[in-house]
Amino acid sequence: MYPSRFRYEAPHSIEEAVGLLQAGDGEAKVLAGGQSLVPLIKLRFASPELLVDINDLPGLAYHRADPDGTIRVGALCRHADLEGSALLADRQPTMAAAAPMVADPIVRNRGTLVGSLCHADPQGDWAAVVTALGGHVVAQGPGGRRTIPIGKFVNGPFQNALAYDEIAVEAVIPAPGGTPAGGYLKLERRVGDFATAGAAVAVETSGDLVTRAGIALTGVGGSTIDAAEAAQVLVGRPLGAEVIAEAADLAARAAQPKSDHRGSAKYKRHLVHTFVERILTRVGDTTERAA
Amino acid sequence: MALFEEIAAEPSEPVPVRRVTISVNGERRTADVEPRLLLAHLLRQGLRLTGTHIGCDTTNCGACTVLFDGKPVKSCTMLAVQADGHEITTVEGLGGASELHPVQEAFKDEHGLQCGFCTPGMMLAAKALLDEVPDPTEDEVRWALSGNVCRCTGYQNIVKSVLSAAQKLQGQSAADGS
Ligand SMILES: Cc1cc2nc3c(=O)[nH]c(=O)nc-3n(C[C@H](O)[C@H](O)[C@H](O)COP(=O)(O)OP(=O)(O)OC[C@H]3O[C@@H](n4cnc5c(N)ncnc54)[C@H](O)[C@@H]3O)c2cc1C
Ligand code: FES
Ligand code: FES
């Protein structure tokens, strides 16, 4: 299908892009990887008047770690860059596990992590990962930059907290206090399908104790679910079978799945339980061996 | 150009058009396009390169896969204006009927196609893999092609074709090296 008619600009600086959004007065949309937006405009679910293509903005394709361990992912860093990332493989197991599970390899060549956060699909994988990691988004508008915690950034299904004249320039994962561990598990019916259910688990350990934990769920509610209560029971304790089971129970209870063509609500809740238990057990085994 | 009349019949306001220059299969092509024109449509209708197929409206099938600066992308999910200044390779750029690319030859020899609808996309995704990983494992082949759907073959012969193409290409580069 053909999209309806729109104007197109490909600015070369963030300031210029923000100016275009401002002039667009709410009728303009940012185009990043286009892997969610282009299908939407083709099906005419969205008909923006102006597309501001950010692919020519210089210096946003990075993902890197600051000296203190803070990880920054620029707005033009593609899923494929993260899938092949030595940095993540080395330092951020939850992100490293999620990257190859997003969409399919060809979509991953274009789609971006930041675009995925902006799109705020309840079935998007990155929002759950960044939530579990307690990350935030840096937005730039006419008045400069501001930082928005992920829990406030994704504020509903397909809704984010950006003003119409703001661009998300990077996603930030705070420096870990302990040793980062964790993972991401997702059931999909076939490659490129969205999650039947998914769980992101991110913990930090010191010795055999958990010092920080985050658990977030994909595809089992109207929005990404932050299973904070489940994560909280882990903190200050070693990862034994009992506490793992407790966290998995609480995570399954935090899920709000609906029965649909991908599976029944009961089944999805069971998946969440299994995923959380599986990831934590694996982490527990590793920390025990290391300690 | 016929295409642009077709999708923009009798516009009431002036239609925004942008001039793009794209290297398509090594040749510089210039066109005036509406921003909403998809790259797949420019290739098929504007440039008459109908080897790029369109099999879905939801970015799922991969029949429209082309190489964008060497990397596979779904050309139905990219605007033609976004290709301005970039390099596109379509299946026509792999090789013609008289001189097949080793990937094409392998698909022919190993029966990697039946109806052929998915084949251009499959071969371009395969070429991109082999450019990066000359000697892939079967798993790596399956992984790299997992964004391309085939309704006919059951994939077995496609995977065989790509593995065989890898051998052909490696044989070639060994011969070139000596
Ligand atoms: C076949 C297929 C399968 C998929 N499967 C999955 C999957 O399994 N899991 C998953 O998580 N995703 C999946 N996706 C979606 C994919 O991950 C997208 O890449 C992602 O959702 C959006 O990123 P993008 O860069 O392509 O953004 P775009 O499509 O360019 O934009 C999406 C939205 O975000 C806005 N936006 C983007 N970037 C910015 C920015 N920097 N500042 C302000 N606004 C911005 C746009 O205006 C638009 O509203 C799939 C997509 C396809 C086509
Ligand atoms: S035509 Fe199906 S993915 Fe492009
Ligand atoms: S050969 Fe027919 S779709 Fe693949």
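Residues numbered from 1 in each chain as written. Chains lettered and ligands numbered in written order. Predicted model: local features only at pLDDT ≥ 70, side-chain atom pairs only at ≥ 80, totals over all residues. Heavy atoms only, no water.

1. Here we look at the sheet that holds strand β3 (residues 65–68) of chain B
Residue and element names in this part refer to chain B. Ordered in space as β2-β1-β5-β3-β4, the five strands form an open sheet in which the pairing is mixed. Both edges of this open sheet fall to β2 (27–33) and β4 (71–74), since each of them pairs with a single strand only. On average, adjacent strands in this sheet sit at an angle of 40° to one another, irrespective of strand direction. Strand direction decides the pairing type here: β3 and strand β5 (residues 87–89), joined by two bridges, are antiparallel. Each bridged residue has a counterpart across the sheet, and for Leu67 the counterpart in β5 is Thr89. Each of β3, β4 and β5 touches helix α5 (residues 119–132); the most contacted strand, β3, lies at about 35° to it. (Pairing = 2+ DSSP bridges. Helix = DSSP H or I, 4+ residues; strand = E, 2+ residues; numbered from the N terminus. Axes fitted to C-alpha atoms, helices over the stretch in contact; angles between N-to-C directions. Contact = heavy atoms within 4.5 Å.)

2. What about the site of ligand 1?
Around ligand 1 sit 33 residues in total, of which Val30, Ser36, Leu37, Thr112 and Asp125 of chain A are the nearest. In this structure ligand 1 sits where residues from chains A and B come together. Note that an oxygen atom of ligand 1 is positioned 2.6 Å from one of the backbone N or O atoms of Val30 of chain A. Within the side chain of Thr112 of chain A, an N or O atom sits 2.6 Å from an oxygen atom of ligand 1. Mapped onto the shell around ligand 1, the elements with two or more residues apiece are β2 (28–31), α7 (113–119) and β10 (167–173) of chain A. With five residues, the single largest contributor to the shell around ligand 1 is α7 of chain A. (Near = heavy atom within 4 Å. Polar contact = N/O pair within 3.5 Å; in protein donor to acceptor, adjacent residues only side chain to side chain.)

3. Looking at the layout of surface pockets
Considered as a void within the structure, the second largest pocket measures approximately 570 Å³ in volume. Considering the residues around the second largest pocket, the lining is formed by 20 residues, among which Glu83, Pro105 and Asn109 of chain A together with Leu129 and Glu132 of chain B are closest to the centre. Counting only elements with at least two residues in the lining of the second largest pocket, the list comes to α3 (79–83) and α6 (105–108) of chain A together with β4, α5 and α6 (138–144) of chain B. It is α5 of chain B that contributes the most residues to the lining of the second largest pocket, five residues altogether. Split by residue class, the lining of the second largest pocket holds ten nonpolar, three polar and seven charged. (1 Å grid on protein atoms, 1.4 Å probe; cavity = no way out; pocket = protein on both sides within 12 Å on 5 of 7 lines; lining within 4 Å. Points joined across faces, edges and corners; volume = space filled by probe spheres on them. Nonpolar A, V, L, I, M, F, W, Y, C, P; charged D, E, K, R; others polar.)

4. Remarks on the domain arrangement of chain B
Interfaces are often sized by the accessible area lost when the parts come together. All names here are of chain B. Partitioning chain B into structural domains gives domain 1 (18–93) and domain 2 (102–172). Domain 1 and domain 2 are separated by 21 Å when their C-alpha centres are compared. In this complex, domain 1 contributes 17 residues to the contact, which on the side of domain 2 involves 13 residues. Where domain 1 abuts domain 2, roughly 1100 Å² becomes buried across the two surfaces, and 65% of that area is made up of carbon and sulfur atoms. Linking domain 1 to domain 2 there are zero salt bridges. At the surface where domain 1 touches domain 2, the tally comes to four residue pairs in polar contact (both at pLDDT 80 or more). (Domains from an automatic or database assignment. Buried area = accessible area lost by both parts, 1.4 Å probe. Salt bridge = Lys/Arg side-chain N within 4 Å of Asp/Glu carboxyl O.)

5. Some thoughts on the domain arrangement of chain A
Residues and elements named next belong to chain A. Split by domain assignment, chain A resolves into domain 1 (7–53), domain 2 (63–173) and domain 3 (179–290). Inter-centroid distance (C-alpha atoms) of domain 1 to domain 2 is 19 Å. At the boundary of domain 1 with domain 2, total buried surface from both sides reaches about 1200 Å², with 70% on carbon and sulfur atoms. In terms of surface lost to domain 2, no three residues of domain 1 exceed Ile14, Val18 and Gln35, which account for 36% of the buried area on that side.

6. Examining the sheet that holds strand β6 (residues 136–141) of chain A
Residues and elements named next belong to chain A. With respect to topology, five strands assemble into an open sheet ordered β4-β5-β10-β6-β7, the strand pairing being antiparallel. Of all the strands in the sheet, just β4 (63–65) and β7 (144–149) have a single pairing partner and so form its edges. In this sheet, adjacent strand axes meet at a mean angle of 25° when their direction is disregarded. Direction of pairing for β4 relative to strand β5 (residues 71–74): antiparallel, over a ladder of three bridges. In the strand pairing of β5, Arg64 is matched with Arg72.

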